[in-house]
Amino acid sequence: MIKRENIKQAIEAIAQRNPEIGYSLDEMLGTGAIGVPSSPAQTSKDPTLYFLFQGEQVPIRKYQYFNEGTVPLEQRLLIKYGELAQKQKIAAQGGPVDYRQAARKIRAAGLLLMVTHEIDYAMARVQSTWTRASEGAGSSRVQTALLSWLEKIKGPDPTLKIPPPDLHEGSAPAPRFQGVVDYVTPAEFQPFPFSMETLLQVAALNLEFFHVRFVLNCLVQGAANRLFACLVEGQIQGLIFLNLKTQFLSKGLEIKYLATVGGQAQDPAGPTPKKVKGVGTFLVAGTWLLWKTRLPDVKEISLDAEIGANRFYRSIGFHPRRLCEFVLKNPRGFLLRAIWIMAGNCRDVPPGLRAALEGLIIAQFKILRQKAHRPEDRAYRKWIVAFLKFGLQSETHPEFVRSILQNLFRYQKAIPEFSALIEVAAESDLMPTEPERTVAVQPVQVIRSAEFARHLEQVFHLENAKRLHAMHSVLQHPSLASKWSEAAPRLATPEELAWVHTPEYIERIAQTAGQTLTALDLDTQTTAKSYEVARLAVGSVFSLLDKLWDGEAQRGFACIRPPGHHAEPDKAMGFCLFNNTALGACYLRHRHGAARVMIVDIDAHHGNGIQAAFYDSAQVLYVSLHRFPGYPGTGNFGEVGRGDGEGFTVNVPLTNGHGDQDFAEIIQLLVRPLARQYQPAALLVACGFDLYLHDRLGGMRVTPEGYALITALLVEIAEQSCDGRIAFIMEGGYSIKGIQECGLRVMQELCRLPTLNRNAIDRIKALRAPRLAALKKAITIHRKYWDTLH
């Protein structure tokens with residue numbers, strides 16, 4: 001508890017530097033304007049003490065008070081006095097007041113008064129300390145330079161940035177490391193950037209340990225090269241103070257103090273600063289790189305941790321040595337990732353750092369070669385695998401990618417995660433491969449027929465022949481001339497239809513042949529030729545897949561109708577009669593012996609029929625990106641398959657209004673890793689054009705550019721996972737303009753006529769963590785089934 005005599009001592013200390021302010025504060029103390037609470041407002045666990053200033057409770061950090069005496073009291077008294085003086089000045093000016101702007105001015109005036117007072121105190125320390133402790137012209141030069149700098153930053157412009165004088169002549173330039181906090185936010189680890197602006201930030205943040213006098217003392221006492229900051233867009237997010245110590249002839253680097261904006265209780269007297277995650281880990285990572293690049297004689301990093309911080313330090317690789325003392329053995333978890341990002345951003349990697357990073361890689365493989373018996377061991381393995389995957393994607397330092405690959409092949413038999421890691425490595429240019437062979441570019445195979453127009457002939461319906469004609473017009477575009485060839489359609493047999501549909505259902509549709517109009521449900525009707533046309537649609541998909549399987553083409557587009565992905569084994573739904581895409585997957589299995597087929601459904605509506613066909617099968621991996629809630633009401637996160645098929649149905653239900661980048665992100669961060677691990681024989685795309693932003697039924701906002709991006713990514717995934725075999729099978733889409741514009745961009749990408757800026761693809765491929773909430777949830781649900789999602 002703060003006592004009246006403590007406040008008196010603080011006022012006397014202020015008066016030594018500024019008698020006028022000291023006299024005013026003493027008068028306020030005498031009149032009761034400054035005092036102590038009559039009853040303590042805090043408990044023993046409360047980290048804050050209080051005194052009263054004009055009836056307002058002013059907080060003091062308990063740690064600072066017990067360790068620094070009256071210093072935090074002096075600083076708070078000066079801030080409150082400066083604020084009071086500014087309030088009086090505003091009141092004297094009269095006129096209307098912008099209260100928000102006035103509050104900012106009042107707060108700034110208080111901070112400026114306190115910082116200026118502390119600079120005066122530092123200047124007095126320089127004049128006395130350096131004179132007593134040093135002799136000769138050298139020390140006099142340093143003293144003069146430091147005094148001159150302190151006088152300059154105390155000037156009228158608080159934004160003036162003047163670097164302090166170099167107090168350590170001959171030393172190497174101070175290290176700076178670039179990294180990220182909050183997963184993606186760029187940040188910099190650097191020596192504390194002394195200026196009036198940063199001192200004012202320190203005053204406003206009032207971080208534990210790091211008050212303004214401590215920071216200035218580091219400069220005055222020649223310890224500024226041990227004080228480092230985490231800066232995000234020029235704003236301090238955390239500070240760390242290091243101490244070199246020798247114990248039993250062994251040098252160590254001690255983390256003496258560490259505090260972050262996000263890791264402390266909010267200062268009740270200050271503003272609410274922007275908080276970002278991962279700053280503490282970032283500061284420790286910067287310290288590790290400092291050790292490995294500048295301090296070769298140091299043997300370890302250690303710290304004394306408060307009980308409340310033990311869990312954090314253990315999670316990043318610190319181990320207890322004595323009571324409350326921890327030593328960093330091997331970085332792990334988020335620290336491992338932070339170190340790797342910082343190292344990757346170094347233009348040149350010194351030999352010491354290179355050797356240390358090689359050691360980290362070897363240490364991770366040593367752990368992977370051991371069996372994980374405990375849950376925490378299994379969780380840690382996931383961290384290591386994620387770290388190695390991240391390392392394999394490095395574009396700045398190929399030597400580390402080679403090191404990971406060498407260890408990966410050396411220990412492949414002992415590492416269960418070998419396959420998942422090698423699939424990531426396959427994307428690297430450094431992956432050993434066979435000499436490339438020149439392959440002639442094959443035309444895209446297209447299936448089309450005028451017969452498809454005979455379904456719902458002379459019936460007004462959203463799913464009409466105009467959709468087909470729109471796609472036919474796309475095929476006549478000059479850019480596609482000679483880029484595609486036409487395969488001959490055929491009728492699917494009833495026996496082939498029975499791979500998905502029940503005999504009773506097939507017979508029911510067959511009986512509609514010759515009937516003028518038959519309603520199967522509210523949305524789905526047939527006319528005289530519908531049964532034949534629906535069989536032709538399915539058989540056309542089979543013909544297209546024959547071309548792909550026989551090597552006549554790698555890519556294909558089935559321009560067919562009626563659509564099929566809503567058709568269930570025993571029921572017509574959503575304009576669909578027979579399930580074209582699902583039957584195509586079955587055809588690959590039954591006729592060509594494909595062990596695994598992957599279907600990606602990019603229709604705006606969930607393909608309930610495809611899901612039902614393979615819900616208990618592992619031979620087809622079905623991924624659907626669709627609007628939810630919406631027709632047909634299926635496709636929520638929890639629908640993951642059952643029995644042998646559990647984990648092989650992956651739904652990403654999305655609310656209305658998602659656009660190009662959202663769908664591209666899902667394909668990059670979910671579809672790509674799934675395909676990489678599943679290794680299908682072919683990739684089938686249930687291609688609905690109703691994601692188009694003006695489609696009357698879709699509710700999404702994908703542009704033609706978005707369709708080009710989706711196609712480019714899916715084609716690349718097919719090239720990496722199934723020798724390039726990919727077939728787009730037309731499903732929904734009810735805007736003629738949308739089919740024309742989006743269909744053209746799809747065909748141009750399939751025909752190797754890229755219309756995209758390469759940067760658009762590179763930006764998507766650079767994504768490392770999901771942004772969309774639905775994607776995050778889908779990944780979280782399916783992590784237990786797929787290692788590549790960890």
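Now for a look at the structure at hand. All of these numbers come straight from a predicted model, not from anything done at the bench.

**Considering the overall build of the chain**
Reasoning step 1: A tally of helices and strands in the chain yields 26 helices and 21 strands.
Reasoning step 2: In summary, the chain has a C-alpha radius of gyration of 35 Å against a globular reference of 28 Å for 790 residues, an excess of more than 25%.
Reasoning step 3: Over its C-alpha atoms, taken along the principal directions, the chain stretches across nearly 105 × 70 × 50 Å.
Reasoning step 4: For the chain, the residues scored as buried account for 54% of the 790 residues in total.
Reasoning step 5: Within the structure as shown, the chain displays about 35200 Å² of accessible surface, and the carbon and sulfur contribution to it stands at 51%.

**Here we look at unusual backbone geometry**
Reasoning step 1: The peptide bond linking Arg561 to Pro562 adopts the cis configuration, its omega dihedral lying at 0°.
Reasoning step 2: Position of Pro562 relative to the elements: it lies in the loop between β16 (555-558) and α20 (580-592).
Reasoning step 3: Put simply, Tyr631 and Pro632 share a cis peptide bond, and its omega is 5°.
Reasoning step 4: Positionally, Pro632 belongs in the loop between β18 (620-627) and β19 (649-654).
Reasoning step 5: Although it is not a glycine, Phe209 sits at a positive phi angle of roughly 80°.
Reasoning step 6: Turning to its location among the elements, Phe209 is positioned in the loop between α7 (196-205) and α8 (212-220).

**Things to note about the pattern of salt bridges**
Reasoning step 1: Counting across every chain of the model gives 26 salt bridges.
Reasoning step 2: A salt bridge links Glu74 to Arg213; its shortest N-O distance comes to 2.9 Å. Of this pair, Glu74 sits in helix α4 (residues 71-93) while Arg213 sits in helix α8, placing them 139 residues apart in sequence. Arg213 matches Glu74 in its accessibility class, with the two residues each being buried.
Reasoning step 3: The salt bridge involving Lys765 is made with Glu716; its shortest N-O contact spans 3.1 Å. On the criterion of sequence distance, the pair formed by Lys765 in helix α25 (residues 758-765) and Glu716 in helix α23 (residues 704-721) is long-range, its members being 49 residues apart.

**What to know about the packing of helix α1 (residues 4-17) against α4**
Reasoning step 1: Closest axis-to-axis distance for the α1/α4 pair is 9 Å, and the angle between their directions is 70°. One way to sum up the angle between α1 and α4 is to call them roughly perpendicular. From α1, Asn6, Ile7, Ala10, Ile11, Ala13 and Ile14 reach across to α4, where they touch Leu73, Glu74, Leu77 and Leu78.
Reasoning step 2: Grouping the amino acids of the contact of α1 with α4 by side-chain chemistry returns 8 nonpolar, 1 polar and 1 charged.

**A few points about the sheet that holds strand β11 (residues 325-328)**
Reasoning step 1: Read from one edge of the open sheet, 8 strands run β4-β5-β6-β7-β8-β9-β11-β10, paired in mixed fashion. On the outer flanks of this sheet lie β4 (177-181) and β10 (318-322), each paired with one strand and no other. Direction aside, the axes of adjacent strands within the sheet are offset by 35° on average.
Reasoning step 2: Alignment of strand β7 (residues 235-247) against strand β8 (residues 250-260), held across 10 bridges, turns out to be antiparallel. Of the residues in β8, the one forming a bridge with Asn243 is Glu254.
Reasoning step 3: Of the strands in this sheet, β4, β5 (185-191), β6 (227-232), β7, β8, β9 (298-304), β10 and β11 are in contact with helix α9 (residues 279-294), which crosses β8 at around 155°.

**Let's talk about the packing of aromatic side chains**
Reasoning step 1: Inspection of every chain in the model, using the stated rule, returns 28 aromatic pairs.
Reasoning step 2: Aromatic side chains Phe214 and Phe241 sit 5.3 Å apart centroid to centroid with 80° between the ring planes, which places their arrangement in the edge-to-face category. Of this pair, Phe214 sits in helix α8 while Phe241 is found in strand β7, placing the two residues 27 residues apart along the sequence.
Reasoning step 3: Take Phe241: its relative accessible area is 8%, and that puts it in the buried class.
Reasoning step 4: Put simply, the rings of Phe209, Phe210, Phe214, Phe241 and Tyr257 touch in pairs and so form one group of aromatic residues.
Reasoning step 5: Note that Arg725 overlies the ring of Trp549, its terminal NZ or CZ placed 4.1 Å from the centroid.

**Structural notes on a nonpolar patch on the surface**
Reasoning step 1: Taken together, the side chains of Tyr183, Val184, Phe334 and Trp383 define a hydrophobic patch exposed on the protein surface, amounting to about 410 Å² of accessible area.
Reasoning step 2: Here Trp383 is to be found in helix α13 (residues 375-392).

Reading guide: rules and limits
Residues numbered from 1 in each chain as written. Predicted model: local features only at pLDDT ≥ 70, side-chain atom pairs only at ≥ 80, totals over all residues. Heavy atoms only, no water. Helix = DSSP H or I, 4+ residues; strand = E, 2+ residues; numbered from the N terminus. Rg over C-alpha atoms; globule rule 2.2 N^0.38 Å. Buried < 20%, exposed > 50% of the residue type's maximum accessible area, 1.4 Å probe, protein only. Areas by Shrake-Rupley, 256 points an atom, 1.4 Å probe, with all protein chains shown as cover. Salt bridge = Lys/Arg side-chain N within 4 Å of Asp/Glu carboxyl O. Axes fitted to C-alpha atoms, helices over the stretch in contact; angles between N-to-C directions. Parallel < 35°, antiparallel > 145°, perpendicular 65-115°, else oblique. Contact = heavy atoms within 4.5 Å. Nonpolar A, V, L, I, M, F, W, Y, C, P; charged D, E, K, R; others polar. Pairing = 2+ DSSP bridges. Phe/Tyr/Trp six-rings, centres within 6.5 Å; stacked < 30°, edge-to-face > 60°. Lys NZ or Arg CZ within 6 Å of the ring centre and 35° of its normal. Patch = residues over 30% accessible without salt bridge, like charges linked within 9 Å, V, L, I, M, F, W, Y side chains within 5 Å.

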